[in-house]
Amino acid sequence: LTQFGTGLGWVLLVTWAPRYFHGAHHVDVETRAWMVFLPVMVGWLGMISGGPLTDRLVRIVGLRGGRALPMSLSRFTAMAAYLVCLYPWSSPWVVVAAFAAVAFSTDLGTAALWAYNQDVGGRYVGSVLGWGNMWGNLGAFFASRYLISLVGQSQNWNADFLTCATAFLISGIAALGVDARVPIVPQDEQDKGPRQ
């Protein structure tokens, strides 16, 4: 659920942002390119900061909180950033800043998500990561088709921003429930009992 919501909320940045800046703000193509590029680059900074953050939090609050808190709080931050886009005074550059906050916070929490998958997956980490990524990609697939239908001919993007904010809200709430202390063990290994 966390990855589905993240995929749904994040994909607007890389699929429909150019159309948003053109349709809602009539931004020329060169400026639009920068407006789409900058949030993704800010997201990269979040990605390289997320690993040290989750490792430090694990040392401070333990494994469960060190993984769940960055995942959850980063999704709530992305939700709040999308809500900023709803205000009528939001200029194109205010929206760029909000999109950058979405990208940064999403990528900041992704390191904790990947680490969580490694924690619970053990030697089956590939299967666990694949399962989670499948749900994230399904969220992105759904969003890329659904979000543009919400805009319609009216070019009212508020429904998209609310949808993405809601997706991040659900993702953040779900992330609070993850517990990296509980490994995923296949049923056949559970039946064998503890290893000697």
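Coordinates for the structure precede this section.
Now for a description of the structure that goes with this document. Bear in mind the structure is a predicted one, so any value in this text is a computation, not a measurement.

A closer look at unusual backbone geometry
Comment: phi is negative for the bulk of residues other than glycine, and the bulk of peptide bonds are trans.
Moving on, step 1. For His26, which is not glycine, the phi torsion reads 55° and is therefore positive.
Moving on, step 2. Given the relative accessible area of 66%, His26 is considered exposed.

Overview of a nonpolar patch on the surface
Moving on, step 1. A cluster of nonpolar residues, Trp34, Phe37, Leu38, Met41, Trp44, Leu45, Ile48, Trp93 and Phe104, forms a patch on the protein surface that exposes about 900 Å² of accessible area.
Moving on, step 2. Within the residue set of the nonpolar patch, elements represented by two or more residues are helix 4 (29–61) and helix 6 (92–121).
Moving on, step 3. Looking at the nonpolar patch, the element that brings in the most residues is helix 4, giving seven residues.
Moving on, step 4. Residue position: Leu38 is located in helix 4.
Moving on, step 5. The class of Leu38 is partly exposed, set by a relative accessible area of 33%.

Structural notes on the pattern of salt bridges
Moving on, step 1. Summed over all chains, the structure comprises four salt bridges.
Moving on, step 2. Two residues, Arg67 and Asp55, come together in a salt bridge whose shortest N-O distance is 3.9 Å. With Arg67 in helix 5 (residues 63–84) and Asp55 in helix 4, the pair connects residues that are 12 residues apart, well separated along the chain.
Moving on, step 3. Between Asp179 and Arg64 there is a salt bridge whose closest N-O contact spans 3.9 Å. Of this pair, Asp179 sits in the loop between helix 8 (158–175) and helix 9 (187–192) while Arg64 is found in helix 5, placing the two residues 115 residues apart along the sequence.
Moving on, step 4. Judged by its relative accessible area of 17%, Asp179 is buried.
Moving on, step 5. Exposure remark for Arg64: the relative accessible area of 30% places this residue in the partly exposed category.
Moving on, step 6. Linked by salt bridges that have partners in common, Asp55, Arg67 and Asp119 make up one network.

Looking at the nonpolar core
Moving on, step 1. Among the nonpolar cores identified, the biggest contains 31 residues, and Leu12, Phe21, Tyr82, Phe99 and Phe161 are the most heavily contacted of them.
Moving on, step 2. With six residues, the top contributor of residues to this core is helix 6.
Moving on, step 3. Non-local contacts of Phe99, meaning those with residues more than four positions away in its chain, are made with Leu12, Leu13, Ala17, Tyr20, Phe21, Pro39, Tyr82, Cys85 and Phe161.
Moving on, step 4. In terms of nonpolar packing, the next biggest core, distinct from the first, is built from 10 residues, Leu113, Tyr116, Val120 and Ala180 among them.

Focus on the packing of helix 4 against helix 5
Moving on, step 1. At their nearest, the axes of helix 4 and helix 5 sit 7 Å apart, and the two run at 140° to each other. By the criterion of interaxial angle, the relationship of helix 4 to helix 5 is oblique. Here the hand of the crossing between helix 4 and helix 5 comes out right-handed. Counting all contacts with helix 4, which are made through Leu53, Thr54, Asp55, Leu57, Val58 and Val61, the residues of helix 5 involved are Leu63, Gly65, Gly66, Arg67, Leu69 and Pro70.

What counts, and at which threshold
Residues numbered from 1 in each chain as written. Predicted model: local features only at pLDDT ≥ 70, side-chain atom pairs only at ≥ 80, totals over all residues. Heavy atoms only, no water. Buried < 20%, exposed > 50% of the residue type's maximum accessible area, 1.4 Å probe, protein only. Patch = residues over 30% accessible without salt bridge, like charges linked within 9 Å, V, L, I, M, F, W, Y side chains within 5 Å. Areas by Shrake-Rupley, 256 points an atom, 1.4 Å probe, with all protein chains shown as cover. Salt bridge = Lys/Arg side-chain N within 4 Å of Asp/Glu carboxyl O. Helix = DSSP H or I, 4+ residues; strand = E, 2+ residues; numbered from the N terminus. Core = buried A, V, L, I, M, F, W, Y, C linked by side-chain atoms within 4.5 Å. Contact = heavy atoms within 4.5 Å. Axes fitted to C-alpha atoms, helices over the stretch in contact; angles between N-to-C directions. Parallel < 35°, antiparallel > 145°, perpendicular 65-115°, else oblique. Left-handed = near helix turned anticlockwise from the far one by under 90°.

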